[in-house]
Amino acid sequence: MYTKKKCIGCQNCVEVCPQSNLVMTVDGIKDLGHCTICGRCTDECPTLALEMAGKEWKMEDLMKEVEKERQVMEESGGGVTMCGGEPLMHTDYLCEVLDELGKRNIHRTVDTTLHASPKNVRRVAERCELMLVDLKMMDSEKHRQYTGVPNSQILANISMVSEMELPFWIRIPLIEGVNADEENIRATAQFLAALPMKPEMVNLLVYHDVGKGKHARIGTTYNPEGFRMSTPSEDVQQYVVHILQEHGLNAKIGG
């Protein structure tokens, strides 16, 4: 990741890159597209304008890191939440970590869109104590428009998790102009209320655009399609809560 305002133009990163992947331009450091993620540039950056966004961990080292927080988790009743991105894109690795956490009697939560095969969803669900599930909208064509995929598999997986009687929460990113309309919220409430087991909680995550900064740092474009998105008013937020509660659902803003 690159933060232009931190860059002092020393070009240490340009000089040490073994792939000759970086050049200095009037707009700052430019990535030419053949980075091997060796990390040499970040090691040499004196201002941390260049940073690695993640790293590989050996299981033993990862568990040592988790164990540092055991007292906090025990005192708070918390545990470890696997999120992302989408953790089910890496189901095998995810299951390995969940198994290790289980051996240590650490509470396991997975935060997911459930856009995955039923087989993989079941594998993960059987290894955790709680699932946090994104549910963006009920109209499948609109879901495809805004996310690139239909929602039929997601809805089917939510029903499957409900039938497993695994505790789960639903998380709805509430966006004016996208999914905060009454028609979508009522359809969502009806779907959730009809499940074999209702979600323990519905969290309404009010839209914000703080992701713009990260997109800039990794060189991608925020909202490239130019969708009109904004934060719902307080009145809209409370009306959405009211609709969900009307259907017997436990709902709140945030979470």
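This text follows the structure it describes.
Residues numbered from 1 in each chain as written. Predicted model: local features only at pLDDT ≥ 70, side-chain atom pairs only at ≥ 80, totals over all residues. Heavy atoms only, no water.

Caption draft 1: Up close: the packing of aromatic side chains. Under the defined criterion, the tally for this structure stands at 1 aromatic pair. Relative to Phe227, the ring of Tyr146 lies with its centre 4.6 Å away and its plane at 55°, an arrangement referred to as tilted. Here Tyr146, found in helix 7 (residues 140-147), pairs with Phe227, found in the loop between helix 10 (211-218) and helix 11 (234-246); they are 81 residues apart in sequence, far enough to count as distant. On the basis of relative accessibility, which here comes to 19%, the residue Phe227 falls in the buried class. If you follow Lys55 out to its NZ or CZ, it ends over the ring of Trp57, 4.4 Å from the centre. (Phe/Tyr/Trp six-rings, centres within 6.5 Å; stacked < 30°, edge-to-face > 60°. Helix = DSSP H or I, 4+ residues; strand = E, 2+ residues; numbered from the N terminus. Buried < 20%, exposed > 50% of the residue type's maximum accessible area, 1.4 Å probe, protein only. Lys NZ or Arg CZ within 6 Å of the ring centre and 35° of its normal.)

Caption draft 2: Region of the structure containing the layout of surface pockets. In this model, the largest pocket occupies a volume close to 1,300 Å³. Forming the walls of the largest pocket are 31 residues, and the residues nearest its centre are Asp134, Lys136, Pro173, Ile175 and Tyr222. Elements that contribute at least two residues to the lining of the largest pocket include exactly strand 4 (107-112), helix 7, strand 6 (168-174), strand 7 (201-206) and helix 10. In terms of residue count, the dominant contributor to the lining of the largest pocket is helix 7 (3 residues). Partitioning the lining of the largest pocket into residue classes produces 13 nonpolar, 12 polar and 6 charged. (1 Å grid on protein atoms, 1.4 Å probe; cavity = no way out; pocket = protein on both sides within 12 Å on 5 of 7 lines; lining within 4 Å. Points joined across faces, edges and corners; volume = space filled by probe spheres on them. Nonpolar A, V, L, I, M, F, W, Y, C, P; charged D, E, K, R; others polar.)

Caption draft 3: Here's a closer look at the pattern of salt bridges. Counted under the stated rule, the structure contains 17 salt bridges. Residue Arg104 is joined to Glu67 by a salt bridge in which the shortest nitrogen-to-oxygen separation is 3.4 Å. Of the two residues, Arg104 is situated in the loop between helix 5 (91-103) and strand 4 and Glu67 in helix 3 (residues 59-67); the sequence distance between them amounts to 37 residues. For Arg104, a relative accessible area of 27% translates into the label partly exposed. With relative accessibility at 30%, the residue Glu67 sits in the partly exposed group. Where salt bridges share partners, they join Glu67, Arg70, Glu74, Glu100, Lys103 and Arg104 into one cluster. (Salt bridge = Lys/Arg side-chain N within 4 Å of Asp/Glu carboxyl O.)

Caption draft 4: View of the side chain of Thr3. For Thr3, the position within the fold is in the segment before helix 1 (12-16). Given a relative accessible area of 11%, Thr3 falls into the buried group.

Caption draft 5: Here's a closer look at the nonpolar core. Ranked by size, the top nonpolar core spans 47 residues in total, and within it Met131, Ile158, Ile170 and Val202 carry the most contacts. Once residues lying within four places of it in the same chain are set aside, the contact partners of Met131 are Val110, Thr112, Leu114, Val124, Ala125, Val161, Leu166, Pro167, Phe168 and Trp169. Counting 8 residues, the second largest nonpolar core, distinct from the first, contains Cys13, Cys41, Cys45 and Leu50. (Core = buried A, V, L, I, M, F, W, Y, C linked by side-chain atoms within 4.5 Å. Contact = heavy atoms within 4.5 Å.)

Caption draft 6: Examining empty space enclosed by the protein more closely. Within the structure shown, the criterion is met by 1 cavity of 30 Å³ or more. Size it by volume and the largest cavity reaches roughly 90 Å³. In this structure, the largest cavity is lined by 16 residues; those nearest its centre are Cys7, Cys10, Cys13, Cys45 and Ala49. By residue class, the composition of the lining of the largest cavity is 11 nonpolar, 4 polar and 1 charged.

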